[in-house]
Amino acid sequence: MIPGPVEISPAVLEAHASPPPGHLSPRVIEAFGASLERMRGVWRSGPSGQPFVVAGSGTTAMEMAAANLVGPGDPVVVVHTGYFSDRMAEMLRRTGAEVRSVTSGPGEAPGDDEVRDAMEALLREGKKPRALFATHVDTSTGVRIDPRPLAHLARTYGALAVFDGVCATGGERFEMEAWGADVYVTASQKAIGLPPGLALMVVSERALAARSARKQPPPMVLDWHEWLPIMRAYEERRPAYFATPATNLILALDVGLREILEDGIDARIVSHERTGRAMRAAWSAMGLAPVPAREDLQANTLSALRYPAGAGPSLVARIAERGVVVAGGLHPEIKDRYFRVGHMGYAVTRTDMLVRTVEAIEAGLLGEGARVESGAGAKAVRSALV
Ligand SMILES: *Cc1c(COP(=O)(O)O)cnc(C)c1O
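Residues numbered from 1 in each chain as written. Predicted model: local features only at pLDDT ≥ 70, side-chain atom pairs only at ≥ 80, totals over all residues. Heavy atoms only, no water.

1. Let's talk about the overall build of the chain
Of regular secondary structure, the chain possesses 14 helices and 12 strands. Over its C-alpha trace the chain gives a radius of gyration of 21 Å, about what one expects of a compact globule, namely 21 Å for 386 residues. In terms of overall dimensions, the chain has C-alpha extents of about 60 × 55 × 30 Å along its principal axes. For the chain, the proportion of its 386 residues judged to be buried stands at 60%. When contacts within the chain are restricted to residue pairs at least 6 apart in sequence, those whose partners lie at least 24 apart make up 71%. Accessible area of the chain: about 15000 Å², with a carbon and sulfur share of 52%. Mean positive and mean negative side-chain charge positions of the chain (42 and 44 charges, respectively) differ by 1 Å. (Helix = DSSP H or I, 4+ residues; strand = E, 2+ residues; numbered from the N terminus. Rg over C-alpha atoms; globule rule 2.2 N^0.38 Å. Buried < 20%, exposed > 50% of the residue type's maximum accessible area, 1.4 Å probe, protein only. Contact = heavy atoms within 4.5 Å. Areas by Shrake-Rupley, 256 points an atom, 1.4 Å probe, with all protein chains shown as cover. Lys, Arg positive; Asp, Glu negative; His and termini not counted. Charge placed at Lys NZ, Arg CZ, Asp CG, Glu CD.)

Encoded structure:
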């Protein structure tokens, strides 16, 4: 129950567990093509969204977005909500971009007006902002931002809107087409519910045009232009090769996305909302305080929780003794003061896993010497999920 890799469904596990098929085999071609089509449904990108599936992780996907859109001297704005937006900013700096950071303390998010001010400041200097980067759910703090006004703001300034959805895609509401977002990236091991190993993203026509306008091509393996003919071929059910795809994961992706779309992406999001509420009810009943400063900033895909009086970082190992794996802190400023619990993907369909997690945390807290009302957390999560 860490914020990725997450538990996966039996059907996804089965699809993944096969002798490695060739990347030109009919099975892989069909699974690849169907996955690309399904991604548009999960991303709500509309028919013009271009999906990319590449071996790698969420960081690879972030790097692809940076490398294809931004080059030396390009002015960009980064909305900081924690560890992963800091990483995004560092990647952008390494491309030579001029990075303007809009920051906030751990557990907080900058206001949209502060982001607007950063855009205006660039304009006053005669610099047209090229792109706005933000993290949908920051996994280091459990903070979720609302991408919609930010995408709108970016459009207003003629900038591309790029969102890191690594801990959100498939779990939190995102309407790529309706909101006018340009790039939404994720990784297979988070709310999409697969083993780790795939970088996934959908890219708008505007973003593809921005890549075409670049004078210097990005590094070859990150270049959308290298991958575009491959994606198009697979979608037309033709074999193609640029660099070997993670074929077992492609089979698993096909099944995982099909499971999401069988329920419907809306129903999936609603399940995550219900699960998020149920887990928050449990934390509150157990006297655990969230890291996010306000209720509307709390993600549905994970919880970041402050250690109560009497407990500390040894709590994570105590919970593991009960057979449940949660994660320690990640944000460098508060690392030793909180822990994190993932509740995304397949787990949201399994009340038993969620209850067992809450029970293991209660037992761990009691083992640490913290005070918890016995059974209150499990009762709260159960009654919220009936
Ligand atoms: C996990 C995560 C990443 C990094 O993904 P990797 O697959 O570990 O490379 C980036 N951004 C966010 C928001 C994440 O949760």
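2. A word on the sheet that holds strand β8 (residues 183–187)
Read across the sheet, seven strands follow the order β1-β9-β8-β7-β4-β2-β3 without closing on themselves; strand pairing throughout is mixed. At either end of the open sheet lies a strand with only one pairing partner, and these are β1 (50–55) and β3 (98–102). Put simply, the sheet's adjacent strands are angled 20° from each other on average, direction ignored. Judged from the five bridges that link them, strand β4 (residues 131–135) and strand β7 (residues 160–164) form a sheet pairing that is parallel. When the sheet's bridge partners are listed, Thr135 is paired in β7 with Asp164. Across the face of the sheet, helix α2 (residues 26–43) comes into contact with β1, β8 and β9 (198–203) while running at roughly 120° to β1. (Pairing = 2+ DSSP bridges. Axes fitted to C-alpha atoms, helices over the stretch in contact; angles between N-to-C directions.)

3. Some points on the environment of Asp266
If you trace the backbone, Asp266 turns up in helix α11 (residues 265–285). When the C-alpha positions of Asp266 and Ala282 are compared, they lie 24 Å apart, and in sequence the two are 16 residues distant. Look past the residues within four positions of Asp266 in its chain and what remains in contact with it is Arg44 and Arg173.

4. Examining the domain arrangement of the chain
Domains assigned within the chain are domain 1 (10–263) and domain 2 (265–385). Relative placement of domain 1 and domain 2: their C-alpha centres are 28 Å apart. Taking both partners together, domain 1 and domain 2 bury about 2500 Å²; carbon and sulfur atoms supply 58% of that area. Area buried by domain 1 at its contact with domain 2 is led by Pro106, Arg144 and Arg173, which between them contribute 21% of it. Our count for the domain 1 to domain 2 interface comes out at three salt bridges. (Domains from an automatic or database assignment. Buried area = accessible area lost by both parts, 1.4 Å probe. Salt bridge = Lys/Arg side-chain N within 4 Å of Asp/Glu carboxyl O.)

5. Quick word on the nonpolar core
Membership of the largest hydrophobic core comes to 103 residues, with the highest contact counts inside it found for Phe163 and Trp224. When residues are assigned to domains, this core turns out to be shared by domain 1 (10–263) and domain 2 (265–385), each giving three or more. Not counting the four nearest positions on each side in its chain, Trp224 is found in contact with Phe52, Met64, Ala65, Asn68, Leu69, Val183, Met201, Val203, Ala207, Leu208 and Arg211. If you look at the next biggest cluster of nonpolar residues, it comprises 31 residues, including Ala282, Leu288, Val341 and Met353. (Core = buried A, V, L, I, M, F, W, Y, C linked by side-chain atoms within 4.5 Å.)

6. Observations regarding the side chain of Asp223
For Asp223, the location among the structural elements is in the loop between α8 (205–212) and α9 (224–235). Of the residues examined, Asp223 reaches a relative accessible area of 4% and is grouped as buried. Engagement of the side chain of Asp223 in a polar contact is seen with the side chain of Arg211, the distance being 2.8 Å. Residues contacting Asp223, with those up to four places away along its chain left out, are Asn68, Arg211, Pro217 and Pro218. (Polar contact = N/O pair within 3.5 Å; in protein donor to acceptor, adjacent residues only side chain to side chain.)

7. Some words on the site of the ligand
Near the ligand there are 14 residues, and of these Ser57, Thr59, Thr139, Asp164 and Lys190 occur at the shortest range. The separation between an oxygen atom of the ligand and a polar main-chain atom of Gly58 is 2.8 Å. One of the side-chain nitrogen or oxygen atoms of Asp164 is found 2.7 Å away from a nitrogen atom of the ligand. Calculation on the ligand without its partners gives an accessible area of 380 Å², and the protein chains cover 89% of this total. The leading source of residues in the shell around the ligand is helix α3 (residues 58–69), at three residues. The residue inventory of the shell around the ligand, partitioned by class, reads six nonpolar, six polar and two charged. (Near = heavy atom within 4 Å. Nonpolar A, V, L, I, M, F, W, Y, C, P; charged D, E, K, R; others polar.)

8. Quick notes on the side chain of Asn68
If you trace the backbone, Asn68 turns up in helix α3. Since its relative accessible area comes to 0%, Asn68 is described here as buried. Those residues within four positions of Asn68 in sequence are excluded, and the remaining contacts are Arg211, Arg214, Pro218, Leu222, Asp223 and Trp224.

9. As for the pairing of β9
Across a regular strand the side chains alternate sides, sitting on one face of the sheet and then on the other. The element β9 is extensively covered by neighbouring structure, given that six of its six residues are classed as buried. Alternating residues of β9 divide into Leu198, Leu200 and Val202 and Ala199, Met201 and Val203, and every residue in both groups is buried. Here β1 pairs with β9 via six bridges, running antiparallel. Its bridge partner being in β9, Gln50 is matched across the sheet by Val203.

10. Digging into helix α4 (residues 83–94)
In this model, α4 (12 residues) spans 17 Å end to end at C-alpha, consistent with the 16 Å of a helix rising 1.5 Å per residue. Those residues of α4 not exposed but buried are Phe84, Ser85, Met88, Ala89, Met91 and Leu92. On an axial view of α4, the arc spanned by its buried residues comes to 160°, and they lie on one face. Elements in contact with the buried residues of α4: α3, β2 (75–79), β3, β4, β5 (137–138) and β7. Gly96 occupies a position one or two residues after α4 and carries a positive phi of about 95°. (Expected span 1.5 Å × (residues − 1). Arc of directions from axis to C-beta.)

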